[in-house]
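Okay, here's what each chain looks like letter by letter:
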Amino acid sequence: MSRVIFWRGVSLALFVPLVVTGTAHFGAPSPSLLALVSSLATAFMLAFLCLGVSALPIPRFLAVSAITLLLLFSFGLTVGNWWHYQYFQAYLNFEYLLFANNAGAALNSVDEFEYRQALQWLSIGYVLLLLLFLWGALSKQRLEFRRRLSAGVVSVLLFAAVTTFVWVGAQISHVKRVNAFALSPVFLHPVHAFFYPLSNERGGAKEGWEYFKQKNTVVEKHAFLPSGYSAKSFNVLILTLESIRASFIGAYGDSRGLTPNFDAIAKESVLFSNFYANTNYTIKSENAILCGIFDHNAKLSIAEYSGTKNLDCLASVLAHEGYSSSYMHANSSRFYNRDNFMLEHGFSDLYFHADKVPHRDDGRRYIGWGLADTDFYDLALDRLESYSQPFFSQVLSISSHYPFQYDWPVDVPNSKKSLELMDVQERIYKGYENAVHYSDYALGEFWKSFKRSTLYENTIVLITADHGVWSFDSEKKLALLLDEEFFRVPLLIYHPEIIGGYRVDQVSSQVDIPLSVLDLVKAEYSAQNYIGKSIFDRVKEPWAVLMKGGGVSFRGQGRACIREAVNCSGAYQSCWAQTSASDSKNLTGSASCYEVEGDLLTGKALKKSEEDPGILGLAYDMIYFENQKVFADDKVHYLTKPSHTTMRELSQEENLPFDG
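Residues numbered from 1 in each chain as written. Predicted model: local features only at pLDDT ≥ 70, side-chain atom pairs only at ≥ 80, totals over all residues. Heavy atoms only, no water.

A.B. asks: How do you make sense of the overall build of the protein chain when you look at a structure like this?
C.D. replies: For the protein chain, the helix and strand inventory stands at 21 helices and 22 strands. Put simply, the protein chain has 660 residues, and 60% of those count as buried. Relative to all contacts within the protein chain whose residues are 6 or more apart in sequence, the contacts with residues 24 or more apart total 79%. Carbon and sulfur atoms form 57% of the exposed surface of the protein chain, whose accessible area is close to 25,400 Å². (Helix = DSSP H or I, 4+ residues; strand = E, 2+ residues; numbered from the N terminus. Buried < 20%, exposed > 50% of the residue type's maximum accessible area, 1.4 Å probe, protein only. Contact = heavy atoms within 4.5 Å. Areas by Shrake-Rupley, 256 points an atom, 1.4 Å probe, with all protein chains shown as cover.)

A.B. asks: Is there a simple way to explain helix H19 (residues 615-630) in this structure?
C.D. replies: In an α-helix, one turn spans 3.6 residues, which is why side chains three or four residues apart end up on the same side. The terminal C-alpha atoms of H19 lie 23 Å apart, and with 16 residues this matches the ideal 22 Å at 1.5 Å per residue to within 8%. For H19, the buried fraction is high: 13 of the 16 residues fall into the buried class. (Expected span 1.5 Å × (residues − 1).)

A.B. asks: Where do I start with the pattern of salt bridges in this structure?
C.D. replies: Taken as a whole and judged by the stated rule, the model has 22 salt bridges. Ionic pairing is found between arginine 555 and aspartate 483, a salt bridge with its closest N-O pair at 3.1 Å. Here aspartate 483 lies in helix H17 (residues 479-487) and arginine 555 lies in strand E16 (residues 551-556), a separation of 72 residues in the sequence. Take arginine 555 and aspartate 483: they sit in the same class, and that class is buried. Two residues, glutamate 626 and lysine 629, come together in a salt bridge whose shortest N-O distance is 3.2 Å. Of this pair, glutamate 626 and lysine 629 both sit in helix H19, separated by 3 residues, roughly a single helical turn. Here the residues in one salt-bridge network are Asp483, Glu484, Arg488, Arg555 and Asp599, joined through shared partners. (Salt bridge = Lys/Arg side-chain N within 4 Å of Asp/Glu carboxyl O.)

A.B. asks: Got a minute to help me understand a nonpolar patch on the surface in this structure?
C.D. replies: Taken together, the side chains of Ile124, Val127, Leu128 and Leu131 present a nonpolar region at the surface, about 380 Å² in accessible area. Since its relative accessible area comes to 51%, leucine 128 is described here as exposed. (Patch = residues over 30% accessible without salt bridge, like charges linked within 9 Å, V, L, I, M, F, W, Y side chains within 5 Å.)

A.B. asks: What should I look at first to understand the sheet that holds strand E20 (residues 591-596) in this one?
C.D. replies: Remark on secondary structure: sheet strands pair via backbone hydrogen bonds, oriented parallel or antiparallel. With respect to topology, 5 strands assemble into an open sheet ordered E15-E16-E17-E20-E21, the strand pairing being antiparallel. Across the chains shown, the open sheet's two edge strands, defined by having one partner strand only, are strand E15 (543-548) and strand E21 (606-608). Taken pair by pair, the neighbouring strands of this sheet meet at an average axis angle of 20°, ignoring direction. Across 4 bridges, E16 lies against strand E17 (residues 559-563) in antiparallel orientation. Opposite arginine 555, over in E17, you have alanine 560 as the bridge partner. Its contacts with the sheet put H19 on E15, E16, E17 and E20, and the angle it makes with E16 is roughly 110°. (Pairing = 2+ DSSP bridges. Axes fitted to C-alpha atoms, helices over the stretch in contact; angles between N-to-C directions.)

A.B. asks: Explanation requested: the state of the cysteines in the structure shown.
C.D. replies: Formally, a disulfide is one covalent bond, and it connects the sulfur atom of one cysteine to the sulfur atom of another. All chains considered together, the criterion is met by 2 disulfides. Here cysteine 291 pairs with cysteine 313 through a disulfide, and the sulfurs are 2.0 Å apart. Taking the sign of the S-S torsion, 95° for the link of cysteine 291 and cysteine 313, the bridge is right-handed. Of the two residues, cysteine 291 is situated in helix H11 (residues 282-291) and cysteine 313 in the loop between H11 and helix H12 (314-319); the sequence distance between them amounts to 22 residues. Covalent S-S linkage joins cysteine 561 and cysteine 593, the inter-sulfur distance amounting to 2.0 Å. The disulfide joining cysteine 561 to cysteine 593 has a torsion of about 105° about its S-S bond and is therefore right-handed. Remark: cysteine 593 occurs in strand E20 and cysteine 561 occurs in strand E17; sequence separation between them is 32 residues. Taking the relative accessible area as the measure of exposure, cysteine 561 reaches 0% and is therefore buried. Within the protein chain, bonded cysteines paired by disulfides and numbered along the sequence follow the pattern 1-2, 3-4. (Disulfide = S-S within 2.5 Å.)

A.B. asks: Help me out: how do you make sense of the pairing of strand E2 (residues 235-241) in this one?
C.D. replies: In regular strands, side chains alternate between the two faces of the sheet. Across the 7 residues of E2, 7 count as buried, placing the element largely inside the fold. The side-chain alternation of E2 yields two buried faces, one formed by Asn235, Leu237, Leu239 and Leu241 and the other by Val236, Ile238 and Thr240. Note that E2 and strand E10 (residues 459-465) share 7 bridges and pair parallel. Looking at E10, one finds that valine 236 is bridged to isoleucine 460. Bridge count for E2 against strand E9 (residues 391-396) is 5 bridges, and the pairing is parallel. Residue valine 236 lies in a different strand from E9, and its bridge partner there is phenylalanine 392.

A.B. asks: Sorry, what's going on with the side chain of asparagine 331 here?
C.D. replies: Mapped onto the elements, asparagine 331 comes out in the loop between strand E5 (324-329) and helix H13 (338-344). A polar side-chain atom of asparagine 331 sits 2.5 Å from the main-chain carbonyl oxygen of tryptophan 369. Excluding its chain neighbours within four sequence positions, the residues that come into contact with asparagine 331 are Phe352, His353, Ala354, Asp355, Trp369 and Ile398. (Polar contact = N/O pair within 3.5 Å; in protein donor to acceptor, adjacent residues only side chain to side chain.)

A.B. asks: Can you walk me through the nonpolar core in this structure?
C.D. replies: Burial of nonpolar side chains together is a common tendency in soluble globular proteins. Counting 124 residues, the largest nonpolar core has Phe392 and Ile463 as its most contacted members. By size, the runner-up hydrophobic cluster in this structure holds 23 residues, among which are Val511, Trp543, Cys561 and Met622. (Core = buried A, V, L, I, M, F, W, Y, C linked by side-chain atoms within 4.5 Å.)

A.B. asks: Would you take a moment to explain the pairing of E5 for this structure?
C.D. replies: Buried residues dominate E5, accounting for 5 of its 6 residues. Sheet topology note: the E5/E9 ladder contains 6 bridges and is parallel. Bridging from a neighbouring strand, serine 324 pairs with phenylalanine 391 of E9. As judged from the 4 bridges shared by E5 and strand E6 (residues 349-352), these two strands associate in the parallel manner. Residue pairing in the sheet places histidine 329 in a bridge with phenylalanine 352 of E6. After leaving E5, the chain enters H13 and then returns to the sheet as E6, a path that is right-handed. (Right-handed = clockwise from strand over helix to strand, strands pointing away.)

A.B. asks: Would you explain the environment of alanine 264 in this entry?
C.D. replies: Within the secondary structure, alanine 264 sits in helix H10 (residues 260-266). Taking relative accessible area as the criterion, alanine 264 reaches 42% and is therefore assigned partly exposed. It is 9.6 Å that separates the C-alpha atoms of alanine 264 and glycine 501, two residues lying 237 residues apart in sequence.

A.B. asks: I'm lost on helix H18 (residues 513-520) in this one. Help?
C.D. replies: Across the 8 residues that make up H18, a large majority, 8, are buried. Inspection of H18 places Ile513, Pro514, Leu515, Ser516, Val517, Leu518, Asp519 and Leu520 among the buried residues, and these make up the whole buried set.

A.B. asks: How should the packing of aromatic side chains be read in this particular structure?
C.D. replies: We describe a pair of aromatic rings using the distance from one ring centre to the other and the angle between the two ring planes. Going through the model one piece at a time under the given rule, you end up with 26 aromatic pairs. Aromatic pair phenylalanine 212 and phenylalanine 554: ring centres 6.4 Å apart, planes at 55°, arrangement tilted. Taken together, the residues phenylalanine 212 in helix H9 (residues 206-215) and phenylalanine 554 in strand E16 connect sequence positions 342 residues apart. Of the two residues, phenylalanine 212 and phenylalanine 554, neither departs from the other in class, the shared state being buried. On the numbers, 5.8 Å between centres and 75° between planes, the contact of phenylalanine 272 with phenylalanine 536 is edge-to-face. Placement of the pair is phenylalanine 272 in strand E3 (residues 270-272) and phenylalanine 536 in the loop between H18 and strand E14 (538-539), with a sequence separation of 264 residues. Take phenylalanine 272 and phenylalanine 536: they sit in the same class, and that class is buried. Each member of the aromatic cluster is reached from another via a ring pair, and the members are Tyr377, Phe446, Trp447, Phe450, Tyr456 and Tyr494. The ring of tyrosine 281 has lysine 284 lying over it, and the distance from NZ or CZ to the ring centre is 4.4 Å. (Phe/Tyr/Trp six-rings, centres within 6.5 Å; stacked < 30°, edge-to-face > 60°. Lys NZ or Arg CZ within 6 Å of the ring centre and 35° of its normal.)

This is the structure in structure tokens:
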């Protein structure tokens with residue numbers, strides 16, 4: 001008996017150090033003692049469960065099966081949570097189970113996953129744990145151990161597992177108010193990050209919304225438009241490039257020659273030099289661009305929820321002005337529930353190429369996640385020319401999506417070093433350079449065809465990006481500057497009757513696009529419905545709020561505020577949630593503000609300011625109020641997504657040309 005207990009103790013003793021060592025390997029341990037203790041608590045929870053199952057009076061094969069399933073379940077959460085954080089800088093939670101239909105598309109990137117070595121270490125660790133516990137469950141002494149072990153002891157083991165689970169949940173309950181988690185890293189046992197929803201439990205957020213709204217008070221109407229400008233009902237095309245940083249574009253100061261076509265188009269357009277993405281998720285960026293709304297910060301996008309949403313999206317507003325509308329994407333309609341959401345909010349024609357050609361057997365070129373940009377733009381232009389006018393259309397590219405390791409048809413100029421001589425980080429960086437260069441090449445080919453078409457004379461074109469990409473190992477910069485690299489994205493606006501070649505330096509962001517488009521075509525709208533502004537108006541205090549993984553940062557004209565972060569969670573990541581769990585109650589506790597002279601992308605004249613960073617707390621309030629406006633009754637909308645079949649049938653009943 002003593003021998004059995006001894007080996008059980010050894011098993012548990014080996015288990016805990018492995019957890020601590022493993023978390024340190026995949027990211028710096030949290031500076032918060034509470035976060036570390038909670039991570040260990042989740043480790044003990046799994047250990048108690050396995051030991052408790054081993055001691056239960058059940059057949060040996062059932063004990064083996066149960067322990068195996070427990071560890072496989074934990075391994076699945078570990079890899080899923082870890083991979084999800086590498087790309088999105090946000091942890092999984094139980095809500096994602098209800099939207100698992102997107103998992104298959106996400107696995108497209110696993111073939112080129114650049115963290116294979118770390119994944120191998122995770123796998124080895126779990127295999128060792130599995131063998132360790134199975135050895136205990138299969139040992140000859142198990143029967144005697146089970147006979148002598150009282151039911152009370154077994155109950156204590158299982159009770160300990162449940163208690164640690166509940167305790168961890170209690171520790172993070174206060175973090176729900178900021179829509180984020182502050183406990184990390186938890187890669188080996190991320191059960192608490194998985195099972196606790198990122199819900200909001202707060203009120204009184206309207207003051208934050210009004211604070212930012214009054215900053216957009218117009219000082220000079222159409223200050224950045226030529227005098228005598230007269231709006232007309234031109235067609236409107238929004239071309240959104242996937243994962244393109246402004247810092248890689250020549251018009252924004254880059255000298256590598258990666259984007260000659262964007263740079264050329266900028267010379268005949270209006271360029272916005274301080275334009276920001278509001279989020280790190282494509283679908284949430286789309287909702288900012290198309291509806292002028294701040295989506296959820298860390299939760300699933302509002303597009304994934306059912307029910308009536310209080311939104312004034314561009315397609316719906318422009319429909320009242322006689323516009324037809326279309327949405328085109330090279331991937332599947334099921335990704336982020338786009339087919340339902342876009343139909344619900346005014347788009348009358350949807351085209352998702354992966355739905356039309358699911359097996360990629362149409363003879364076209366495919367790169368990564370979908371149809372290559374060059375082929376997709378050709379197809380999109382054909383469709384645009386066939387639409388009744390005026391039309392409004394959103395076209396989203398996809399070739400430059402992570403992981404960037406594709407057979408690109410064009411090479412980066414002046415690239416000398418061979419891929420075979422590069423390490424993993426260099427290959428990712430090189431891959432991203434190639435992605436940007438190819439995206440620009442495809443844009444140039446599209447623009448040549450567009451200029452030859454009749455649309456060139458009667459179509460307003462906005463070219464922007466959904467977001468940037470994370471920082472690379474070679475970019476050792478202040479956290480604020482890395483943040484700038486991620487969120488600063490390009491925006492140019494081509495207008496047939498505006499002589500371009502000039503730039504607007506006023507700070508703006510994606511939530512400003514709806515009012516700007518409506519302003520350009522002189523549509524009837526209520527500006528009070530939107531938190532944003534028209535980027536052609538000079539406003540009192542221009543601003544941009546940027547959200548990622550539960551954190552926020554702020555940009556104003558000549559100033560910036562950010563919550564300081566530390567490195568965590570593997571390569572290229574920084575993590576707001578890594579700060580003290582108790583500090584999350586004080587949203588400005590680790591925040592800093594800076595005075596900025598010049599361009600943040602070049603890091604010029606940057607010095608710390610004595611300004612109160614409480615504006616970040618107001619930003620959280622504003623975002624939450626935006627969410628409240630969308631969902632008047634959370635009980636109605638909470639995770640009850642309708643079937644796609646129902647929406648397709650609905651579109652057919654209403655004679656909508658659902659081309660999916």
